[in-house]
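The residues making up each chain are set out below.
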Amino acid sequence: MSTSLDRATLQKLREQNPSWRLLAATHAPFIISFLHQAFLASNTRTVSQQALASRLEDHLHEGRSLGGLELPKRAEAYLDDWAGDSGWLRKFYPVDSDEAHFDLTAAAERAIVWVARLLERRFVGTQSRLLTVFQLLSSMVEGSEVDPNARLAELQRRRDAIDQEMERLRAGFVDVMAATELRERFQLMASTARELLADFRELEQSFHLLDRDVRQRIATWSGGRGALIDDILGERDALSSSDQGTSFRAFWDFLMSPDRQEELTQKLRHVFELEAIRQTAPDPRLRRVHYDWLAAGEATQRTVARLSEQLRRYLDDRVFLENRRILEVIRNIEQQALAFRNSPPSGTVAELDDLAPAVELPLERPLFAPPFVARLTQQLLEVGEEDVASDGLFEQVAVDRARLRTNIQHLLQGQERITLAEVVAQHPLRHGLAELVSYIAVASENRKSVFDERSSQRIEWNDRHGQTRSATIPLVVFTR
């Protein structure tokens, strides 16, 4: 997809694009360094106004002490400017807070990342990029192939290549990647990992714009509810079904898999232990980059959930207004009745056949059923002497949910997320199925827990007789 870079287009882009505006700002080094430290360096999504203003005051004091910095206003004023026409910050009020919060916009992040790349690239890795291009082309060709024979031939070729490699390994020939190749691929991996975080922020901003548009249309809408809901849901579906939204859903499903999370953790740990990678002094945050992806994805999901919340509130408000109108009509009737109580009108005022229409459908009539006649039989009861144990009436199971929450919190101290199967493996079930149901109840009460109906997990325990029991339930994930 080519883009026209004529003079008029670039002139308009220079005047309107926030990224260009940030790079061309008079105090761009100061602003970019502060925004990078406040948001990107720690992968922080949102910061309260008080905390961000305090950090900016310290940054301003440090810059003024070094000299050459002419920024006389207070920190709050600069934050409002950057969140206004500049378009570098987004100012909003969270649902559970009355204090303003700030988030970095996608345009500002693109400018900061572009500046950071001017300093990061120590060498130009062409081989890894060429291999990436070749692999992408191969996957597109193979994925679009409709001939089964062609696909079978490609799979056979891969199988032969794997067999040859296995034979070389059995013969003692092990091909190890050179240090230069490792560093080149690590640089490409790190760059792609950071770009994913920027993609999350850009997609989140798209949903934020849709959310703001929904609020504006709800505030000014005067037509029917159905037309507005169809319009809003149509735009949301269009965004979700776009290339960007479809790719995000596939990425999110991949990331939510516990097996994939564990696989990413193990591979990152192995790569960081390589001598060639340790010599480059890599950013330690890349060890946990998949958890940063998860946090950024959850922020995007919460933005999508707010759209549904806005529609629900709109419907509730409309129902409230309609009910209030009905109450006003009833109150008006009551007032008119009270006004005529002492001097009622003479004669017939109005005639009503009934207070409500009577509807009788033929199929509502019950069919004939003969009356049931019970037959009683006499039987002599013999005196029994069998002793039945009544211990079961007193051996009731009581599950302590506080203990279950403590088990979950203790395991989450060392990791970001854990499945219910992993919790049970560390803390076996004492009360069997009753305790398993209590764990699920604890998860349903916690908003940070995730239920994945598309995946399942198997829970095993031993009952009091030592017999192994098992249950298959949807995937339950506890997060911090």
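Residues numbered from 1 in each chain as written. Predicted model: local features only at pLDDT ≥ 70, side-chain atom pairs only at ≥ 80, totals over all residues. Heavy atoms only, no water.

*Asks:* What am I meant to see in the pairing of strand β5 (residues 450–462) here?
*Replies:* If a strand is regular, its side chains alternate between the two faces of the sheet. Where β5 lies against strand β6 (residues 468–479), 10 bridges are found, and the strand directions are antiparallel. Looking across to β6, one finds that Asp452 is bridged to Leu475. From the end of β5 to the start of β6, which pair antiparallel, there are five residues, and Gly466 there has a positive phi angle of about 85°. (Pairing = 2+ DSSP bridges. Helix = DSSP H or I, 4+ residues; strand = E, 2+ residues; numbered from the N terminus.)

*Asks:* Help me understand helix α12 (residues 258–272) in this model?
*Replies:* Within an α-helix, residues lying three or four positions from one another point in the same direction, as the helix has 3.6 residues per turn. Taking 1.5 Å as the rise per residue, α12 with 15 residues should run 21 Å; its terminal C-alpha atoms sit 21 Å apart, in good agreement. Among the residues of α12, those classed as buried are Gln261, Thr265, Leu268 and Phe272. For α12, the arc enclosing every buried residue in end-on projection is 70°, short of the 170-degree limit, so these residues lie on one face. In this structure, α12 carries Asp259 and His270 as exposed residues pointing more than 90 degrees from its buried face. (Expected span 1.5 Å × (residues − 1). Buried < 20%, exposed > 50% of the residue type's maximum accessible area, 1.4 Å probe, protein only. Arc of directions from axis to C-beta.)

*Asks:* Hey, could you run me through the packing of aromatic side chains in this one?
*Replies:* Working definition: an aromatic ring pair is given by the centre-to-centre distance plus the angle between the planes. Under the defined criterion, the tally for this structure stands at four aromatic pairs. When the ring of Trp82 is compared with that of Trp88, the centres are 6.5 Å apart and the planes differ by 50°; the resulting orientation is tilted. In this pair, the class of Trp82 matches that of Trp88, namely buried. With centroids separated by 5.6 Å and ring planes inclined at 80°, the aromatic side chains of Phe186 and Phe272 adopt a geometry described as edge-to-face. (Phe/Tyr/Trp six-rings, centres within 6.5 Å; stacked < 30°, edge-to-face > 60°.)

*Asks:* How do you make sense of the confidence of the model for the protein when you look at a structure like this?
*Replies:* Caution is warranted with low-pLDDT regions, since their predicted coordinates should not be read in detail. Per-residue confidence for the protein gives a mean pLDDT of 79; residues scoring 70 or more make up 84%. Across the protein, the element-wise mean pLDDT spans from 66 in helix α10 (residues 225–240) up to 90 in helix α16 (residues 420–426). (pLDDT = per-residue confidence, 0-100.)

*Asks:* Help me understand the pattern of salt bridges in this model?
*Replies:* A side chain of one charge can pair with a side chain of the opposite charge when the charged atoms of the two come close. Using the criterion set out here, one finds 17 salt bridges in the structure. Of the charged contacts in the structure, one is a salt bridge between Glu167 and Arg170, with a shortest N-O distance of 3.2 Å. Pair noted here: Glu167 and Arg170 are both in helix α8 (residues 148–170), with a separation of three residues, about one helical turn. Two residues, Asp463 and Arg469, come together in a salt bridge whose shortest N-O distance is 3.2 Å. (Salt bridge = Lys/Arg side-chain N within 4 Å of Asp/Glu carboxyl O.)

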